[in-house]
Amino acid sequence: MDSPIDYTSPSTQFTFDVNKNSFFRKDNFNFMNILGSEQLNTLDHLSLIDIFLSRGNNIEPHYHPNTSELVYCISGAMAVSILNPFTKQYQHYTITPGQVANIPQGWWHYQMATEDRTHALAIFNTSTPEVILGSDILRLTPSNIMAHTYCMDENQWKTAIKPITASTYIGPPKNCYRNPGSNAQTFPNYIYPYGNQGYPMQPYTPYNHPTC
């Protein structure tokens, strides 16, 4: 079988430390590391994002035009919400350690941690996953087009999206102090105050667990 990968090359890579390749970091509790063909050149139609979230934090709504996504929960719990383009309805699934949720290619979706110290892997069937972010769609589409298309007041639209100044990836922003109960209909049973009052939060140190 022919392969585009030259396994005889001295530069061929078979191992990589994902901890050393940060993709996005909101803070010490909410961040993502990525592994793709740029980091490990023997990957063939495979890549992943290593996700760490505290309760109430979410991966923003987005879709992947070139890949499906399999979300595997390692610890904590994660709510995975998928917009089914055929039924026009959202499908909500909560996964816990050892459980997975499958997101077909091109489907709009988002994920939220429902427990502190949630750790999950997003696995893709491509060597370089592409993503279209909700934050980019909202802030980069001309406001006059949005207002005209949906018969909206353009100034109200500009005011509503003004806080979105960059690609978000993990929300809400660190400077957000809005009452989380206002979104209860969007994330039923998944909205909690930031952090867990039951024990002091400590920054994640991936794969560096104390010995007994």
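Everything numeric here is computed off the predicted structure, so don't read it as measured data.

Re unusual backbone geometry
Residue Pro 172 is bonded to the preceding Gly 171 through a cis peptide linkage, with omega at -5°. For Pro 172, the position within the fold is in the segment after strand S12 (170-171). Of note, the phi angle at His 45 is positive, near 55°, even though the residue is not glycine. Among the secondary structure elements, His 45 is positioned in the loop between strand S2 (31-35) and strand S3 (47-53). Positioned with a positive phi, Tyr 169 is a non-glycine residue whose angle comes to about 65°. Here Tyr 169 lies in the loop between helix H3 (154-161) and S12.

A few points about the side chain of Asn 21
Within the fold, Asn 21 resides in the segment before strand S1 (22-25). A relative accessible area of 17% means that Asn 21 is categorised as buried. Within polar-contact distance, the side chain of Asn 21 engages the backbone oxygen of Ile 34 at 2.9 Å. When residues no more than four places from it in sequence are discounted, the contact partners of Asn 21 are Phe 16, Asn 33, Ile 34 and Gln 39.

Looking at the confidence of the model for the protein chain
In this model, the protein chain carries a mean pLDDT of 88, and residues with pLDDT of at least 70 account for 83%. Here residues 182-186 scores under 50 on pLDDT; set against residues more than four positions off or in separate chains, the count is four contacts.

Parameters at a glance
- Every chain is numbered on its own, with residues counted from 1 as its sequence reads.
- Whole-chain, interface and lining totals are the exception, using all residues; otherwise, since this is a predicted model, local features are given only for residues with pLDDT of at least 70 and side-chain atom pairs are given and counted only at 80 or more.
- Note that the side-chain values use all heavy atoms of the structure and ignore hydrogens as well as water.
- Secondary structure is summarised from DSSP: a helix means a run of H or I of at least four residues, a strand means a run of E of at least two, and numbering begins at the N terminus for each.
- When a residue's accessible area, from a 1.4 Å probe over protein chains only, is under 20% of the maximum for its type it is buried; when over 50% it is exposed; and in between it is partly exposed.
- Pairing of N or O atoms within 3.5 Å defines a polar contact, subject to two protein rules: one partner must be a possible hydrogen donor and the other a possible acceptor, and residues neighboring in sequence count only if both atoms are side-chain atoms.
- The contact definition used throughout considers only heavy atoms, calling two residues in contact when any of these lie within 4.5 Å.
- Every residue gets a pLDDT, meaning the predictor's confidence in that residue, from 0 to 100.

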